[in-house]
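Listed below are the residues making up each chain.
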Amino acid sequence: MSDALLEVRDLVVRYGEVTAVDRVSFSLAAGETLALDGPSGCGKSSTALAVLQLRRPSSGEVVFEGRELTALPERELRPLRPRMQPVFQDPYGSLSPRHRIRDAVAEPLKVQGRWSSTEGPARVAELLDRVGLDPSYGDRHPHELSGGQCQRAGIARALASEPRLLVLDEPVSSLDPSVRAGVLNLLADLQDDLGLGYLFICHDRAVVRHFADRVVEMRDGRVISG
Ligand SMILES: Nc1ncnc2c1ncn2[C@@H]1O[C@H](COP(=O)(O)OP(=O)(O)OP(=O)(O)O)[C@@H](O)[C@H]1O
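Residues numbered from 1 in each chain as written. Predicted model: local features only at pLDDT ≥ 70, side-chain atom pairs only at ≥ 80, totals over all residues.

## Some details on the sheet that holds strand E1 (residues 6-15)
Next, step 1: If you trace the four strands from one edge of the open sheet to the other, you get E2-E1-E4-E5, paired in antiparallel fashion. The strands lining the two open edges of the sheet, one partner per strand, are strand E2 (18-28) and strand E5 (67-68).
Next, step 2: Of the strand pairs in this sheet, E1 and strand E4 (residues 59-64) are connected by five bridges, and their pairing is antiparallel. What sits directly across from Val 12, in E4, is Ser 59.
Next, step 3: Helix-sheet contacts for helix H1 (residues 44-51) involve E1, E2 and E4, and the interaxial angle to E1 is about 115°. (Pairing = 2+ DSSP bridges. Helix = DSSP H or I, 4+ residues; strand = E, 2+ residues; numbered from the N terminus. Contact = placed C-beta atoms within 7 Å. Axes fitted to C-alpha atoms, helices over the stretch in contact; angles between N-to-C directions.)

In structure tokens, the structure reads:
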């Protein structure tokens, strides 16, 4: 019995004739950061989407917390989805422009039946505070936040689901260099506190070296080292 949080075995993702991910395997423990590195188009994002089951792989296995996900119908996946949360490159893209930050963070609690009108607002304030945002930011809309603040709000929303795994697809690439370190430090703190596993996609070698425990190097859909 493996104690891996995530185990990916012989993963294949095809888009029609294109094989974007070709028998990729790796594993990730709780509290660990595994980086996927490689040139543009080598299949990093396709791997991430297949791990999250946002795109169903063509073949292979994704074992998360001991359960093989690829064979599960959507209704059986649904209760597991909160435990694996994505954070994408575009901080504004993961938050609806029409909703206040407070509502965006509250939504997972409501959808997952964990909202109460007495404790819910305090939980949202606590999550905003946890990501370094003053809870008064809850009143704002995404366009009233900087890119870094918006990415923090997106992380608060992801944390509302009480995940065990964050799939971080270029989470700081669109941010000003001056705010990148702050968001990476926040992610490192959260990992220390919560024991989260991170699948981390990033094309910045210096960031990868600094942030990742292990690196899986990809080329043309395949793992070439790691
Ligand atoms: N929705 C899609 N339909 C068809 N082909 C796709 C699709 N998404 C990705 N691809 C192709 O799959 C391959 C891998 O793309 P992917 O985005 O996974 O790579 P990546 O390493 O994440 O690249 P980048 O760093 O540029 O995001 C590429 O050849 C790409 O053109």
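## Comments concerning the environment of Pro 91
Next, step 1: Here Pro 91 is to be found in the loop between strand E6 (84-87) and helix H3 (101-111).
Next, step 2: Through-space distance from the C-alpha of Pro 91 to that of Phe 211 is 20 Å; in sequence the pair is 120 residues apart.
Next, step 3: Not counting the four nearest positions on each side in its chain, Pro 91 is found in contact with Gly 147, Cys 150, Gln 151, Gly 154 and Ser 174.

## Side note on the sheet that holds strand E3 (residues 33-37)
Next, step 1: Read from one edge to the other, the open sheet built from six strands follows the order E6-E7-E8-E3-E9-E10, with strand pairing classed as mixed. Among the strands making up the open sheet, the edge pair consists of E6 and strand E10 (222-225). Across the sheet, the mean angle separating the axes of adjacent strands is 25° when strand polarity is ignored.
Next, step 2: Inspection of the sheet shows strand E7 (residues 165-169) paired to strand E8 (residues 197-201) by five bridges, in the parallel sense. Opposite Leu 165, over in E8, you have Gly 197 as the bridge partner.
Next, step 3: Lying over the sheet, H1 contacts E3, E7, E8 and strand E9 (214-219), oriented at roughly 150° with respect to E8.

## Re H1
Next, step 1: Within H1, seven of the eight residues are buried, leaving the element largely enclosed by the surrounding structure.
Next, step 2: For H1, every residue scored as buried is listed here: Lys 44, Ser 45, Ser 46, Thr 47, Ala 48, Ala 50 and Val 51.
Next, step 3: Gln 53 occupies a position one or two residues after H1 and carries a positive phi of about 60°. (Buried ≥ 20, exposed ≤ 12 C-beta atoms within 10 Å, placed from the backbone.)

## Focus: the site of the ligand
Next, step 1: In the region of the ligand, the neighbouring residues are Tyr 15, Val 18, Ala 20, Gly 38, Ser 40, Gly 41, Cys 42, Gly 43, Lys 44, Ser 45, Ser 46 and His 203.
Next, step 2: Listing elements by their share of the shell around the ligand, those giving two or more residues are E2 and H1.
Next, step 3: When residues in the shell around the ligand are grouped by element, the largest group, three residues, is from H1.
Next, step 4: The residue inventory of the shell around the ligand, partitioned by class, reads four nonpolar, seven polar and one charged. (Near = placed C-beta within 6 Å. Nonpolar A, V, L, I, M, F, W, Y, C, P; charged D, E, K, R; others polar.)

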